[in-house]
Amino acid sequence: MLWIVLAMVTLGLCACTPKPKEVTQETDASVNLYTPGEYEATAKGFGGDITVTMTFDEKSITNVTIKGDKETDGVGSRAVESLPAVILEKQNADVDMVSGATNSSKAILAAAKDCIAQATGTSVETEVAAKMAPGTYTGEGTGFRVSEPISVSVTVDEGKILDIKVDQENTSETQGILQSVVDKLLPRMLESQSVSVDAVTGATASSNGVKQAVEGALVQALVAGGSEESAIKAFYKETKKNSEVVTMDTDVLVVGMGGSGTAAALSAAENGASVLAIDKAGKWGGTSAITSGPMAINVPSQVKAEIKDWTDPITKEVITKPAGQKLIDAEALYKDWIAYTTVDGVQTAKPEMIRLLIDESGYTIDWLTKFGFSFDPASGFAGNSWAAFTPYTGAKKLTESFYASAYDKFTNELAGKYLLETEAYDLIVTDGKVTGVLARNVVDGTEYKINAKAVILATGGFAGSGEMEETYLSNNYYPLKGSWRQFGMKQNNGLMLQAALDDGAGTFNISVPPMVHVGGSDGFLSGYPSNKIEGAVSRATGRQAVWSIADIPLNMAVATNTLAVDSNSKRFTNENALSMFNPWISGSHFYSIWGNEQIKTLIEKGFFEEPYGVSTTYLGYGSSIPAGVPMPETEEILEAAIKAGYVFKADTLEELADKMGLDGGVLAQTVDQYNTYCSKGKDADFNKDSKYLAPVEGAPYYGIVGSSYCYSTCGGLDINKNFQVLLADGKTPIDGLYSVGTDSMGVLFSEAKAYVTYGGAAQGWAFTSGRLAGKEAAETTK
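Residues numbered from 1 in each chain as written. Predicted model: local features only at pLDDT ≥ 70, side-chain atom pairs only at ≥ 80, totals over all residues. Heavy atoms only, no water.

### Quick word on the overall build of the protein
A tally of regular secondary structure across the protein gives 19 helices and 29 strands. Taken over C-alpha atoms, the radius of gyration comes to 27 Å for the protein, in line with the 28 Å a tight globule of 782 residues would show. Its C-alpha atoms give the protein principal-axis dimensions of roughly 85 × 70 × 55 Å. Per-residue burial over the protein gives 58% buried out of 782 residues. Counting contacts in the protein only where the partners sit at least 6 residues apart, residues at least 24 apart contribute 70% of the total. (Helix = DSSP H or I, 4+ residues; strand = E, 2+ residues; numbered from the N terminus. Rg over C-alpha atoms; globule rule 2.2 N^0.38 Å. Buried < 20%, exposed > 50% of the residue type's maximum accessible area, 1.4 Å probe, protein only. Contact = heavy atoms within 4.5 Å.)

### Observations concerning the environment of Tyr392
Topologically, Tyr392 is positioned in the loop between helix H9 (351-368) and helix H10 (399-412). The spatial distance from the C-alpha of Tyr392 to the C-alpha of Ala404 is 14 Å, given a sequence separation of twelve residues.

### A short note on the sheet that holds strand S8 (residues 161-166)
Strand order in the open sheet formed by three strands is S6-S7-S8, with antiparallel pairing between adjacent strands. Two strands bound the open sheet, and with one partner strand each, they are strand S6 (135-141) and S8. Here the strands of the sheet are splayed against their neighbours by 25° on average, with no regard to which way each runs. Relative to strand S7 (residues 150-156), S6 runs antiparallel, the two sharing seven bridges. For Thr136, the partnering residue across the bridge sits in S7 and is Thr155. On the sheet, helix H5 (residues 204-224) packs against S6, S7 and S8 and is oriented at approximately 140° with respect to S6. (Pairing = 2+ DSSP bridges. Axes fitted to C-alpha atoms, helices over the stretch in contact; angles between N-to-C directions.)

### Regarding the packing of aromatic side chains
Using the criterion set out here, one finds 23 aromatic pairs in the structure. Measuring from centroid to centroid gives 5.0 Å for Trp284 and Tyr407, while their planes differ by 15°, and the two rings are stacked. Of this pair, Trp284 sits in the loop between strand S10 (275-278) and helix H7 (300-304) while Tyr407 sits in helix H10; the two residues are 123 residues apart in sequence, bridging distant segments of the chain. Across this residue pair, the class does not change: Trp284 and Tyr407 are buried. Residues Phe375 and Tyr392 carry aromatic rings whose centres are separated by 5.6 Å and whose planes lie at 25° to one another, so their mutual orientation is stacked. Linking Phe375 in the loop between H9 and H10 with Tyr392 in the loop between H9 and H10, this pair joins segments that are 17 residues apart in sequence. Each of the two residues, Phe375 as well as Tyr392, counts as buried. One aromatic cluster in this structure is built from Phe373, Phe375, Tyr392, Phe402, Tyr403 and Phe767. (Phe/Tyr/Trp six-rings, centres within 6.5 Å; stacked < 30°, edge-to-face > 60°.)

### Here's the deal with the sheet that holds strand S4 (residues 61-67)
Strand order in the open sheet formed by three strands is S2-S3-S4, and the pairing between neighbours is antiparallel. The open sheet has two edge strands, strand S2 (37-44) and S4, and neither has a second partner. When the angles between neighbouring strand axes are averaged without regard to direction, this sheet yields 15°. Taken together, the six bridges between strand S3 (residues 49-56) and S4 define a ladder with antiparallel strand orientation. Within the sheet, the bridge partner assigned to Thr53 lies in S4 and is Thr65.

### Looking at the packing of helix H8 (residues 330-340) against H9
The N-to-C vectors of H8 and H9 enclose an angle of 150°; their axes lie 10 Å apart at closest approach. Viewed along their axes, H8 and H9 adopt a mutual orientation that is roughly antiparallel. You can see that H8 and H9 cross each other, and the crossing is right-handed. Listed contacts from H9 to Ala330, Glu331, Leu333, Tyr334, Trp337 and Ile338 of H8 are Pro351, Ile354, Arg355, Leu357 and Ile358. (Parallel < 35°, antiparallel > 145°, perpendicular 65-115°, else oblique. Left-handed = near helix turned anticlockwise from the far one by under 90°.)

### Some thoughts on the nonpolar core
Counting residues in hydrophobic clusters, the biggest one holds 120 residues, and the most contacted among them are Trp337, Val455, Phe723 and Leu748. Setting aside anything within four residues of it in sequence, one finds Trp337 in contact with Met295, Ile354, Leu357, Leu748, Phe749, Val756, Tyr758 and Ala761. The next biggest cluster of nonpolar side chains, apart from the first, holds 37 residues, and it includes Tyr137, Leu185, Ala221 and Met489. (Core = buried A, V, L, I, M, F, W, Y, C linked by side-chain atoms within 4.5 Å.)

### Here we look at helix H6 (residues 259-270)
Taking 1.5 Å of rise per residue, twelve residues should cover 16 Å, and H6 covers 16 Å from first to last C-alpha, within 8% of that figure. All buried positions along H6 are accounted for by Gly259, Ser260, Gly261, Thr262, Ala263, Ala264, Ala265, Leu266, Ser267, Ala268 and Ala269. Gly272 sits one or two residues past H6 and shows a positive phi near 95°. (Expected span 1.5 Å × (residues − 1).)

### Re the environment of Gly226
Structurally, Gly226 is set in the loop between H5 and strand S9 (245-255). Remark: the alpha-carbon pair of Gly226 and Ala133, spanning 93 residues in sequence, is separated by 8.0 Å.

### Looking at the state of the cysteines
In this structure the tally under the stated criterion is zero disulfides. Of all cysteine sulfurs in the structure, the one in Cys714 sits closest to Cys710, which takes part in no disulfide; the separation is 8.6 Å. Residue class for Cys714 comes out buried when judged on its relative accessible area of 0%. (Disulfide = S-S within 2.5 Å.)

### Focus on the pattern of salt bridges
Oppositely charged side chains can pair when the atoms bearing their charge come close. What the rule picks out here adds up to 22 salt bridges. With its nearest N and O atoms 3.5 Å apart, the salt bridge here joins Glu423 to Lys280. Taken together, the residues span a long stretch of sequence, with Glu423 in strand S16 (residues 422-430) and Lys280 in the loop between S10 and H7 at a distance of 143 residues. Glu423 sits in the buried class, given a relative accessible area of 15%. For the salt bridge of Arg485 with Asp522, the shortest nitrogen-to-oxygen distance reads 2.9 Å. One end of the pair, Arg485, is in the loop between helix H11 (466-472) and helix H12 (495-502); the other, Asp522, is in the loop between strand S20 (515-521) and strand S21 (531-537), and 37 residues separate them in sequence. By the burial criterion, Arg485 is buried, and Asp522 matches it. (Salt bridge = Lys/Arg side-chain N within 4 Å of Asp/Glu carboxyl O.)

### So, the pairing of S20
Sheet faces and side chains relate simply in a regular strand, where the side chains alternate between the two faces. Counting buried residues along S20, seven of its seven residues qualify, which places the element largely inside the surrounding structure. Where S20 lies against strand S26 (residues 701-712), six bridges are found, and the strand directions are antiparallel. Paired with Val516 across the bridge in S26 is Cys710.

### Concerning the packing of helix H14 (residues 596-605) against helix H16 (residues 634-644)
Viewed as axis vectors pointing N to C, H14 and H16 meet at an angle of 125°, and their least axial separation amounts to 9 Å. The orientation of H14 relative to H16 falls into the category oblique. Note on element contacts: H16 touches H14 through Thr634, Glu635 and Leu638, opposite Ile599, Leu602 and Ile603.

Below, the structure is given as structure tokens:
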């Protein structure tokens, strides 16, 4: 039998901490309950470490903060966001867990009890017996796709995990991301005999789903062996960190291995430089690997070819494009783009950089094919008239293989090197010249000093940093305060952008609104049955399309006949555009308001129609709830979402607003005005079609918190035509430092406007800026 002694103060895992003595009428109020000060404790959450910091005076808990940036966005993150206020109000850690975020909640409350124990001077040890019945057990966990759990089989003997296998065939997880979990997470769990290893960066949700499934299987084995469920604590172990410092030397160092970093590394190596590429994630490709494709203007091979069954985006006719005919009027596109970025007669972008992208992007596509990439002919995007969008061949199914081929050629033919799970955190600057970076392995803690003649920043922007978003994503045009939900990669935390800024770098249009293509509910429910849509395939997963009643709040958030308001309790757009391009206007969040009469209609008749756009394709269970299907479970689902913290209910609009942090008086006025539009059949604010105008009437009222899901930020560092980072004066290059991709994409846009919708502009810029900067950096090192 395996006996584990757990010390609560050091591990934050003991559930039997004595509660602090409460002050009552029978208790002397002069008795000090705590030793004043700030205390910190860490416990293993769903994705990694969760750290709770609590401040005490003699009589009370005065402040609670929680940090857990590896918890699943919209699920575990809700526990991180909501529990501080609950603990502070209750003045103890014996509070309800956040629905749908059990593991995250358990870790937070365990760490909070640890802090309380430190403040009260108590420490409790307990012995837990952990004996398993040998065999193979199956567990399930929720990954990125709530529609289909990740299934894992775990083989054990009495005291040891012998094998872990993930069912990779019957899952909707992105295969390249899940493969990185199989390759990296499973060996670490087996080696450490622990389920509390850190999630693979860049695959957090899939990692968390696998860990949840393994834990479930182990609990079955423990119970079958006569142990208590709590004996799972035996498989929560601290991982050892490495104190080694490694020094490396290279001509060109590329920080980031997404689209821009991959192109930069390939280009620099092709042009004769020794190249090292590093990335914080456990896989290459970054956000680029989950997008649909880049913008490319008149790809030479496509201009040269005859293209059959090509849809002319201007006439919308299916034709055979003659060999030698261009696909797009590049000059007209340039003029249209320049007009878009002109504000009040002033050009707010850098025209020379827009010209560079338009002139070079087509050549970049043909260049990438040398390394294994493949693209379909350019076409119009979302019904527009520009044949600029050049999708990856295979509709995302082959994209991971393209990157695998590129890195195979990078290492085996171009002598390039790379390090994954290695995060650069500071620049090395010598006499004003950037001469390398300091980096750290995010798994074992190994420190790296990497000396380089040129450093190319390709880190994907700063959408993964709530602090930087709060600092930079606000301007005179749009006060976009708040931390944004991400559909891209959370590891893109802007750490190296901030390092460059600390060393004097300038910015250009850094407060451009984030790149938002998806709007949806702020949270999600899992564990509900799904319903097949016969003959339909999910655009997001390529598997059988399904819908679920769990997505009722998601569909309500972006329904065409909803009323949506911003943080000022005012409408901000025609609600038909909530699910796709327009939610960003409200900032990081919006609020959809429903009355009980609408709820009754939803129960009896279902949704009016399916939401326009892609939010219900890429979020939740992966498909819109079909229109006209009665939803008798609506109230039950809304109550579950209320417990999860992203839906609110009240008897009056003023009370509802108060619960959501809005202005009740303004909300009541907005609803009254909207209902007037509904009765007249004319929307005087945003010209919403009268068939979508449904009045908000009858108590109780419901508010669904919506989020603007962004791929990445758009603005960043200031650069010149050679992609050299400029000082704050906007003129002087920082010797040895370059920036590509979304780290410097603000040169193409305006802070007064959203990201352009020509189709794939960010990807086109990533690949093109990477190719050109890699060549430039390699030349300077010779």
